[in-house]
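A look at the structure
Below are the chains, spelled out letter by letter.
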Amino acid sequence: MTHRLEGREKVTGGARYAYEYPMEDPAYVAAVQAEAGRGEIVAVDAASARRLPGVLAVLSCENAPELASRSNGELAVFQSRTVSYRGQFVAAVVAETLETAREAARLLRVEYAAEDPDVRLRDDHPGLYKPDKVNAGLPADTELGDPETAFGSSEVRIDVTYTTPAEHNNPMEPHTTVAHWNEDGSLTLYESTQGASSHARTIARVFGLDREQVRVVAPHVGGGFGAKGSPRPNSVLAAMAAREVGRPVKFAVPRQQMFATTGYRTPTIQRLRLGAGADGTLNAIMHDVVEQTSTVREFAEQTASPTRIMYRAPHRRTTHRVVALDVPTPSWMRAPGETPGMYALESAMDELAAAAGIDPVELRIRNDTDREPESGLPFSSRNLVACLREGADRFGWAARDPAPRSRREGRRLIGTGVAATTYPARLNPGRATARADPDGTFTVRIAAADIGTGARTALAVLAAETLKADLDRVRMEVGDSSYPAASVAGGSSGTASWGTAVVRACEALRERLNGSVPPEGVEASADTADEVKAQEEYARHAFGAHFAEVEVDADTGEVSVSRMLGVFAAGRIVNPVTARSQFVGGMIMGIGMALMEESVMDERFGDYLNRDLAQYHVPACADVRDIEAVWLEETDPHLNPMGAKGIGEIGIVGAAAAVGNAVHHATGVRVRDLPITPAKLLTRR
Ligand code: MOS
């Protein structure tokens, strides 16, 4: 068990985040957001802004330099007069101070030819279409057998629709770029990003530079949850501004501006149909998803993907339909796809359990499968049932009275709920170097990202283990695109992917070392591209189970999660102390999803109405009471040299369903549209 290596640096303020890099003579950027929900920019009046002393430049569609690539509409900053959504960056001021930049931005007058935006997701929207693929390269639709007929003839049927709202990632550190053009024409970005290598690659393409001409430095990142998994407009804007004024610039996106410009989770409308025999054995599963994208860029989330792998049923179907609205493009937010998808599936499973009169833990065990139901592939390992049993045991599930509203203590209605969770175990190619120096120390380098996950620590543990060296002899260097290229910190793939590269580099170094290290040191490197390609065909997923207990105030409808337990089977857990934080952090985010988080779209003007942490609620310490995550020993020889599955996202998946199921058990009220607010509980009693 190893505590976060950079922990002391972080709590003493020594760890440097993007905005804090000292620059010589920096200028500051303030951005202007579109006040039209859709339309054209007719004119930009910058006269009074320019007159303000200290203003260095004003950028907009009227004078911005042409970018080399506009293929990503969200990054085509100031490249056209079209306004695609309210809140889009339409102009910016660069000034000597941040205060001047903001004041000048306020003085800018942008005139629009505005039209009414179309921002409301609905399942009868005429613009709904079937995307070619959904994210992660998955098919939009799948079908096996004859699900409609099988559903129609099933003894127990559940046909329900769940809706989930747009949600915003809200990392503590806002999206931030410090951009500096070097004399040789290369660009250095101090950036808050989940992937230094991919960030550099994308920005190079946007500016028509060679990949080596962009360096992205990001050793410490204050959270991302997916929102920093791809470059956002702030990065392009800062680089453009720095070039314009010939000085380094700093740009941290204000929290209020993040809601339109740095990504969010798409809202969903999900129809679930489950057909089962009287004993609860599933015969048909249908999961039809409606979700949104923007007019700028297609983002089609793979919401029904977990339904393809969870339970056995001979007749099944999943579909995804998206509509391009006048909204910011949705993006990745912790377990995109699995999180809303499993909320719906695991809530429907609870409804099926109630309808069939079967215990919800037992229902899931009865429908377990030893092969991936749609592909037919064997699982590399699957310990869902073991997690359910272990969790039921630890949580005291056996004592539960299944009748809703059966436990009351004073004003408090008490209920418990269960839900399963899953997340794919991914492996991405990457490179790493390991170096031995004569003083007995080792330096391991990889452009991996530690966004607060503990990645640096886990990789150091793996390096030390492979080198058979003490941990304090190993220097682990991450977060710089000048290091060997690594995949993005996304899809819970970091430990597996980067870990494989680090282990292989350390193995190669050990082979080279015999006896003393020469004065110039010894270095070895690894590239895992071939190893990743050579993987055998298996269905690789982590599994788990959430158990939640809630107390609902019978008079006010306030819900409090009094107890929560997550049990996970995710291969080898490399570093228990940081792994626990990942699991528990995901579960807490699940509590937020269940009870609080909701980005409210203004249907008349466009854009999200709640744009700060006072109005966009996430769980605070007082909302998190007794919460615990445990894991089972799981050995899986088909993954990677460590035998590790990803753990960054599985904690949130299914968590909101467990809470919602507990609320139903406590109150007898089934809320099918998140979040479960007091008003919904009181009015539907
Ligand atoms: Mo994650 S949402 O794959 O960064």
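Residues numbered from 1 in each chain as written. Predicted model: local features only at pLDDT ≥ 70, side-chain atom pairs only at ≥ 80, totals over all residues. Heavy atoms only, no water.

Some thoughts on helix H14 (residues 576-595)
Residue pairs three or four apart in sequence face the same way in an α-helix, which turns once every 3.6 residues. Across its 20 residues, H14 extends 28 Å between first and last C-alpha, which sits within 8% of the 28 Å expected from 1.5 Å per residue. Most of H14 is tucked away: 14 of the 20 residues are buried. (Helix = DSSP H or I, 4+ residues; strand = E, 2+ residues; numbered from the N terminus. Expected span 1.5 Å × (residues − 1). Buried < 20%, exposed > 50% of the residue type's maximum accessible area, 1.4 Å probe, protein only.)

Thoughts on helix H11 (residues 455-467)
With 13 residues, H11 extends 18 Å from end C-alpha to end C-alpha; this agrees with the ideal 18 Å at 1.5 Å per step. The element H11 is extensively covered by neighbouring structure, given that 12 of its 13 residues are classed as buried. When we look at burial in H11, the residues that qualify are Ala-455, Arg-456, Thr-457, Ala-458, Leu-459, Ala-460, Val-461, Leu-462, Ala-463, Ala-464, Thr-466 and Leu-467. Residues of H11 that are buried in the fold lie against strand S21 (442-445), strand S22 (474-477) and helix H12 (494-512). Positive backbone phi, at 50°, marks Lys-468, one or two positions downstream of H11. (Contact = heavy atoms within 4.5 Å.)

Here's the deal with the sheet that holds strand S11 (residues 176-181)
Judged by pairing direction, the sheet is mixed, and its seven strands sit side by side in the order S3-S5-S1-S14-S11-S12-S13 without closing on themselves. The two strands at the open ends of the sheet, each matched to only one other strand, are strand S3 (55-60) and strand S13 (214-217). Between one strand and the next, the sheet's axes are offset by a mean angle of 20°, whatever the strand orientation. Each of strand S1 (27-33), S3 and strand S5 (89-95) is contacted by helix H3 (residues 98-107), which is oriented at about 25° to S1, the strand it contacts most. The strands touched by helix H5 (residues 196-207) are S11, strand S12 (187-191) and S13; relative to S13, the strand with the most contacts, the crossing angle is about 145°. (Pairing = 2+ DSSP bridges. Axes fitted to C-alpha atoms, helices over the stretch in contact; angles between N-to-C directions.)

Digging into the packing of aromatic side chains
Following the criterion strictly, the structure yields 11 aromatic pairs and no others. Plain terms: the ring middles of Trp-181 and Phe-207 are 5.8 Å apart, the flat faces sit at 75° to each other, and that makes the pair edge-to-face. Note that Trp-181 is positioned in strand S11 and Phe-207 in helix H5, a separation of 26 residues in sequence. For the residue pair Trp-181 and Phe-207, the accessibility class agrees, reading buried in each case. Taken together, Phe-395, Trp-397 and Phe-547 form an aromatic cluster joined through their ring pairs. The cationic tip of Arg-16 hangs over the ring face of Tyr-21; the distance from NZ or CZ to the ring centre is 5.5 Å. One residue, Arg-382, lies across the ring of Phe-543, its end atom 4.6 Å from the ring centre. (Phe/Tyr/Trp six-rings, centres within 6.5 Å; stacked < 30°, edge-to-face > 60°. Lys NZ or Arg CZ within 6 Å of the ring centre and 35° of its normal.)

Remarks on the pattern of salt bridges
In the structure shown here, the tally under the stated rule is 48 salt bridges. One salt bridge connects Lys-130 with Asp-141, and the closest N-O pair in it is separated by 3.9 Å. Here Asp-141 lies in the loop between strand S8 (138-139) and strand S9 (142-144) and Lys-130 lies in the loop between strand S6 (109-114) and strand S7 (133-134), a separation of 11 residues in the sequence. For Lys-130, a relative accessible area of 47% puts it in the partly exposed group. Accessibility expressed as a relative area gives 23% for Asp-141, which makes it partly exposed. Asp-480 is the salt-bridge partner of Arg-215, the closest N and O atoms lying 2.5 Å from each other. Of the two residues, Arg-215 sits in strand S13 while Asp-480 sits in the loop between S22 and H12, which places them 265 residues apart along the sequence. Owing to a relative accessible area of 5%, Asp-480 belongs among the buried residues under this scheme. Three or more residues are tied together by salt bridges with common partners; here these are Arg-407, Glu-409, Arg-412, Glu-549, Glu-551, Arg-563 and Arg-625. (Salt bridge = Lys/Arg side-chain N within 4 Å of Asp/Glu carboxyl O.)

Here's the deal with the nonpolar core
Counting 93 residues, the largest nonpolar core has Leu-274, Leu-282, Tyr-311, Phe-547, Val-550, Met-564 and Val-659 as the members making the most contacts within it. Every residue in contact with Leu-274, bar those within four places of it in the chain, is listed here: Phe-151, Val-156, Arg-157, Ile-158, Leu-282, Ala-284, Ile-285, Leu-345, Ala-348, Met-349 and Leu-352. Membership of the second largest hydrophobic core comes to 41 residues, among which are Val-444, Ala-489, Trp-498 and Ala-505. (Core = buried A, V, L, I, M, F, W, Y, C linked by side-chain atoms within 4.5 Å.)

Section: the layout of surface pockets
Its boundaries defined by the atoms lining it, the second largest pocket holds a volume of some 640 Å³. Lining the second largest pocket are 27 residues, and of these Leu-138, Glu-372, Pro-424, Arg-540 and His-541 lie nearest its centre. Taken together, the elements giving at least two residues each to the lining of the second largest pocket come down to S8 and strand S19 (412-424). Sorting elements by how many residues they give to the lining of the second largest pocket places S19 first, with three residues. The class makeup of the residues in the lining of the second largest pocket is 12 nonpolar, seven polar and eight charged. (1 Å grid on protein atoms, 1.4 Å probe; cavity = no way out; pocket = protein on both sides within 12 Å on 5 of 7 lines; lining within 4 Å. Points joined across faces, edges and corners; volume = space filled by probe spheres on them. Nonpolar A, V, L, I, M, F, W, Y, C, P; charged D, E, K, R; others polar.)

Comments concerning the sheet that holds S9
What holds strands together in a sheet is hydrogen bonding between their backbones, with the strands either parallel or antiparallel. Read from one edge to the other, the open sheet built from five strands follows the order S9-S17-S16-S15-S10, with strand pairing classed as mixed. Looking at strand neighbours, the two that pair on one side only are S9 and strand S10 (156-164), the edges of this open sheet. When the angles between neighbouring strand axes are averaged without regard to direction, this sheet yields 10°. As paired elements, S10 and strand S15 (residues 268-276) share nine bridges and run antiparallel to each other. By the bridge assignment for S15, Thr-164 is matched with Thr-268. Of the strands in this sheet, S10, S15 and strand S16 (282-294) touch helix H8 (residues 338-356), which is tilted by about 145° from S10.

So, the pairing of strand S2 (residues 39-45)
Inspection of the sheet shows S2 paired to strand S4 (residues 82-83) by two bridges, in the antiparallel sense. If you follow Gly-39 over to S4, its bridge partner there is Val-83. In terms of strand pairing, S2 meets S6 through six bridges, oriented antiparallel. Looking at the pairing, Ile-41 lines up with Tyr-112 of S6.

Some words on the pairing of S11
In terms of burial, S11 is largely enclosed, as five of its six residues are buried. Taken together, the four bridges between S11 and strand S14 (residues 249-252) define a ladder with antiparallel strand orientation. If you follow Val-178 over to S14, its bridge partner there is Lys-250. Two elements, S11 and S12, share five bridges in a ladder whose sense is antiparallel.

Here's the deal with the packing of H11 against H12
Interaxial distance between H11 and H12 falls to 9 Å at its minimum, and their mutual angle equals 30°. As the angle between them shows, H11 and H12 are arranged roughly parallel. As H11 packs across H12, the resulting crossing turns out to be right-handed. Between H11 and H12, the residues in contact are Ala-455, Leu-459, Leu-462, Ala-463, Thr-466 and Leu-467 and Thr-495, Trp-498, Gly-499, Val-502, Val-503, Cys-506, Glu-507, Leu-509 and Arg-510, respectively. When its residues are assigned to classes, the contact of H11 with H12 shows 10 nonpolar, three polar and two charged. (Parallel < 35°, antiparallel > 145°, perpendicular 65-115°, else oblique. Left-handed = near helix turned anticlockwise from the far one by under 90°.)

Details of the domain arrangement of the chain
Here the chain is described as being made up of domain 1 (7-116 + 170-261), domain 2 (133-167 + 265-425 + 538-684) and domain 3 (431-533). Domain 2 and domain 3 are separated by 35 Å when their C-alpha centres are compared. Listed per partner, the contact involves 15 residues of domain 2 and 18 residues of domain 3. Taking both partners together, domain 2 and domain 3 bury about 1,100 Å²; carbon and sulfur atoms supply 61% of that area. It is Val-574, Pro-641 and Met-642 that lose the most area in domain 2 upon contact with domain 3, and together they represent 39% of the buried surface on that side. At the boundary of domain 2 with domain 3, the tally comes to one salt bridge. As a salt-bridge pair, Glu-465 and Arg-572 come within 2.9 Å of each other at their nearest N and O atoms. At the boundary of domain 2 and domain 3, one finds four residue pairs in polar contact (both at pLDDT 80 or more). Contributing elements (two or more residues each) for the side of domain 2 that touches domain 3: S19 and H14. Split by residue class, the side of domain 2 that touches domain 3 holds seven nonpolar, six polar and two charged. (Domains from an automatic or database assignment. Buried area = accessible area lost by both parts, 1.4 Å probe. Polar contact = N/O pair within 3.5 Å; in protein donor to acceptor, adjacent residues only side chain to side chain.)

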